[in-house]
Amino acid sequence: MLYLLVGCLLSSADGKGCFRCWPELPALVDYDLQVLWGTPGPPAELSQSIHTLFMEEHNIRNPWYLDRDHLEEEAAKFFSNIDLAIKKLQDDKLQLLEEIDTFKILFSERLNEISEALKEKGERLYWFWHKKKDQEAEKVLLR
């Protein structure tokens, strides 16, 4: 599931609904929730809440700057938090759904923070590389 999640995020250049390109994703999310919840299975509202994160347009500003390691780490944290919330709040559906919404927001915010940091790092490297090339060209011209 995690690799599918990472692949979906990386495949989008515009940051919008890139998960919709994977028709298997809802079934995989449902399977993971079934494993985390146990029998008889999670309430439909929980499944729908998680589906909205992956199937609707999300606001990851610069998804093309995200790398696989960061995505895997954040997705693992997200699903780990869901697991803990299910264990803690399985009997209180409303509070569980509020907790899941919080985790969805944190997941999106964290991906935005990481993508922004990687974007800035890339811009600095780009600037450094061009400055170095300009200096080399200057040396050639001064010879």
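Source: prediction; values computed, not measured.

(A) Representation of the overall build of the protein chain. Helix and strand counts for the protein chain stand at 5 helices and 0 strands. Walking the protein chain from its N terminus toward its C terminus, one meets helices and strands in the order α-α-α-α-α. When each of the 143 residues of the protein chain is scored for burial, the buried share is 36%. Contacts in the protein chain between residues far apart in sequence, at least 24 positions, make up 72% of those at least 6 positions apart.

(B) Spatial organisation of the packing of aromatic side chains. Per the stated rule, a full pass over the model turns up 2 aromatic pairs. Here the aromatic rings of F78 and F79 are separated by 5.2 Å at their centres, their planes lie at 75°, and the arrangement is edge-to-face. Ring centres of F78 and F107 lie 5.0 Å apart, and the angle between their planes is 35°; on these two criteria the pair is classed as tilted. With F78 in helix α4 (residues 68–89) and F107 in helix α5 (residues 93–142), this residue pair connects regions lying 29 residues apart in the sequence. Both residues of the pair, F78 and F107, belong to the buried class.

(C) Up close: the packing of helix α2 (residues 25–37) against α4. The contact between α2 and α4 brings their axes to 9 Å, and the two run at 40°. By the angle class used here, α2 and α4 are oblique. Judged by the sense of rotation from one axis to the other, the crossing of α2 with α4 is right-handed. Here L33, L36 and W37 of α2 come into contact with α4, specifically with F79, I82, D83 and I86. Residues that form the contact of α2 with α4 fall into these classes: 6 nonpolar, no polar and 1 charged.

(D) Inspection of the pattern of salt bridges at higher detail. Applying the stated criterion across every chain, the model contains 7 salt bridges. We note a salt bridge from E45 to K93, for which the minimum N-O separation is 3.2 Å. Of this pair, E45 sits in helix α3 (residues 44–55) while K93 sits in helix α5; the two residues are 48 residues apart in sequence, bridging distant segments of the chain. For K77, the salt bridge identified is with E73, shortest N-O distance 3.3 Å. Residue K77 and its partner E73 are located together in helix α4, separated by 4 residues, close to a single helical turn. Three or more residues are tied together by salt bridges with common partners; here these are E73, E74, K77, R110 and E113.

(E) Summary view of the nonpolar core. L46, I50, F54, F78, I82, L96 and I100 are the most contacted members of the largest nonpolar core, which totals 22 residues. Residue assignment for this core shows that the elements contributing at least two residues are α2, α3, α4 and α5. Each residue touching I82, except ones within four places of it in the same chain, is listed here: L33, L36, I50, I100 and F103.

(F) Fine view of unusual backbone geometry. With omega at 10°, the peptide bond leading from T39 into P40 counts as cis. Residue position: P40 is located in the loop between α2 and α3.

Conventions used here
- Going along each chain's sequence as written, the residues are numbered from 1 onward.
- In keeping with the model being predicted, local features are shown solely for residues with a pLDDT of at least 70 and side-chain atom pairs are shown and tallied solely at 80 or more, while totals for entire chains, interfaces and linings include all residues.
- Hydrogens and water are ignored here; the side-chain numbers use all heavy atoms of the structure.
- Secondary structure elements follow DSSP: runs of H or I no shorter than four residues count as helices, runs of E no shorter than two count as strands, and numbering proceeds from the N terminus.
- Throughout this description, buried means an accessible area under 20% of the type-specific maximum (1.4 Å probe, protein chains only), exposed means over 50%, and partly exposed covers the range between.
- We call two residues contacting when some pair of their heavy atoms lies within 4.5 Å.
- Only rings of Phe, Tyr and Trp enter the pairing, Trp through its six-membered ring, and a pair is recorded when the two centres are within 6.5 Å. The plane angle decides the type: under 30 degrees is stacked, over 60 is edge-to-face, the rest tilted.
- Where helices are involved, their axes are fitted lines through C-alpha atoms of the stretch in contact, as for all axes, and angles between N-to-C directions lie from 0 to 180°.
- Between 65 and 115 degrees an angle is taken as roughly perpendicular, under 35 as roughly parallel, over 145 as roughly antiparallel, and anywhere else as oblique.
- By the definition used in this description, the sense in which the near helix is turned from the far one sets the handedness, with an anticlockwise turn below a right angle giving left-handed and a clockwise turn giving right-handed.
- Residues are grouped as follows: Ala, Val, Leu, Ile, Met, Phe, Trp, Tyr, Cys and Pro are nonpolar; Asp, Glu, Lys and Arg are charged; every other residue, Gly included, is polar.
- A pair is scored as a salt bridge if a Lys or Arg side-chain nitrogen falls within 4 Å of a carboxyl oxygen belonging to Asp or Glu.
- In this text, buried Ala, Val, Leu, Ile, Met, Phe, Trp, Tyr and Cys residues form a nonpolar core when linked through side-chain atoms within 4.5 Å.

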